[in-house]
Amino acid sequence: MQFLVSQLFNLLVGMYKILPNLGLVIIVFTILVRGLMLALTWKSLKLTRERQGKMTKMNAELAELKKKYGDNKEAMAAKQMELMKKYNINPFSGLLPQILQIFVLIMFYRAIMLFMGTESIEGVMVDTGFMIWNLVEKDPWFILPVVAGATQFLLSLMISKGAQVRDIVSNRKNASEIVKKANEEEENTAKMAASMQKQMMFMMPVMTLVIGLSLPAGVVLYWIVGTIFSIFQQAAISGWGGLIWNKNKE
């Protein structure tokens, strides 16, 4: 990991020689690295969507299995595995891209912290000023932490609304008991997921604000740029979600 951090640090140094402004270097560097990570993010979201679609399709069959083998745990487990193989569902398929993203972000953070601790490059003092901030110190006006929390709230709102899935299992009067039961289970799961999403929608921005108050302004700037990048990325993948009010939306 230290080798990769050193390479990212050298990239920051090279960028600073071309663009001798610490704030602009952080902004450009964040966009560059997040752009390189976009392929991993896109693949992870695509895999998650595909897995959710397959899980929805097998809901009815799974309900039938529960009714038939509910009292036989071993048989139920075996049949469930057969069903997952039938739909080619791997619960760990989207895990590796997520781990790689976290790994890269940790290296990115360490490289920025290392760079901001550098006083001079080839004998030239590093200018840590950017607009009204000294990027190696905490924001005394709390502007950047508040902006970080606000952008995180916008992203959370997009994801929360965009992740809602309509019921596709029929609830009509002449539906079978199996289908009705599957629908009830689906609705209960959806309500639980919606409750957790609502909590996270407010929790993440508050955590971002609190953490941002204790970090150097340069790291908070990196956080803001990364979140804004994620907002546009999320919009490109699944739309603006909760940021656009639609009176016709159910």
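Note that the structure is predicted; figures quoted are calculated from it, not measured.

1. Description of the overall build of the protein chain
So, point 1. Along the backbone of the protein chain there are eight helices and four strands.
So, point 2. Beginning at the N terminus, the succession of helices and strands in the protein chain can be written as α-α-α-α-α-β-β-β-β-α-α-α.
So, point 3. Here the protein chain holds 250 residues, and 34% of them are scored as buried.
So, point 4. Look at the contacts in the protein chain between residues 6 or more apart in sequence, and 75% of them connect residues 24 or more apart.

2. Overview of the environment of V5
So, point 1. Assignment of secondary structure puts V5 in helix α1 (residues 2-18).
So, point 2. Looking at V5, the relative accessible area reads 2%, which means it is buried.
So, point 3. For the pair V5 and I112, spaced 107 residues apart in sequence, the C-alpha separation works out to 9.2 Å.
So, point 4. Setting aside chain neighbours within four positions, we find V5 in contact with M107, R110 and A111.

3. Things to note about helix α8 (residues 217-238)
Along an α-helix, a turn takes 3.6 residues, which lines up residues three or four apart on a common side.
So, point 1. An ideal rise of 1.5 Å per residue puts 32 Å on 22 residues; α8 measures up with 31 Å between its terminal C-alpha atoms.
So, point 2. Judged by how many residues are buried, α8 sits mostly within the fold: 17 of 22 residues are covered.
So, point 3. Following α8 by one or two positions, G239 has its phi on the positive side, about 90 degrees.

4. Quick word on unusual backbone geometry
So, point 1. The phi torsion at E122 lies on the positive side, around 55 degrees, for a residue other than glycine.
So, point 2. Judged by its relative accessible area of 67%, E122 is exposed.
So, point 3. Although it is not a glycine, F142 sits at a positive phi angle of roughly 60 degrees.

5. Topic: the packing of aromatic side chains
So, point 1. Applying the stated criterion across every chain, the model contains two aromatic pairs.
So, point 2. One aromatic cluster in this structure is built from F9, Y16 and F115.

6. Digging into the confidence of the model for the protein chain
It should be kept in mind that the predicted coordinates are not to be read in detail where pLDDT is low.
So, point 1. Summary statistics for the protein chain give a mean pLDDT of 76 and a share of 65% for residues scoring 70 or more.
So, point 2. Ranking the helices and strands of the protein chain by mean pLDDT puts strand β4 (residues 133-134) first, with 94, and helix α7 (residues 177-214) last, with 67.
So, point 3. The model gives residues 162-174 a pLDDT under 50, and that stretch makes 19 contacts with residues more than four places away or in other chains.
So, point 4. Here residues 245-250 scores under 50 on pLDDT; set against residues more than four positions off or in separate chains, the count is two contacts.

7. Digging into the nonpolar core
So, point 1. Core analysis: the biggest nonpolar cluster contains 34 residues, and L12, I26, F29, I112, F115 and L135 have the highest contact counts within it.
So, point 2. Among the elements of the structure, α1, α2 (22-57), α5 (95-116), α6 (143-162) and α8 are those that each provide at least two residues to this core.
So, point 3. What F29 contacts, discounting residues up to four positions off in sequence, is L8, L11, L12, M15, F108 and I112.
So, point 4. M58, Y69, A75 and L83 belong to the second-largest nonpolar core, a separate cluster that totals seven residues.

8. Some thoughts on the environment of F3
So, point 1. Its location among the elements puts F3 in helix α1.
So, point 2. On a C-alpha basis, the gap between F3 and M107 in space is 9.8 Å, while along the polypeptide they are 104 residues apart.

What counts as what
Residues numbered from 1 in each chain as written. Predicted model: local features only at pLDDT ≥ 70, side-chain atom pairs only at ≥ 80, totals over all residues. Heavy atoms only, no water. Helix = DSSP H or I, 4+ residues; strand = E, 2+ residues; numbered from the N terminus. Buried < 20%, exposed > 50% of the residue type's maximum accessible area, 1.4 Å probe, protein only. Contact = heavy atoms within 4.5 Å. Expected span 1.5 Å × (residues − 1). Phe/Tyr/Trp six-rings, centres within 6.5 Å; stacked < 30°, edge-to-face > 60°. pLDDT = per-residue confidence, 0-100. Core = buried A, V, L, I, M, F, W, Y, C linked by side-chain atoms within 4.5 Å.

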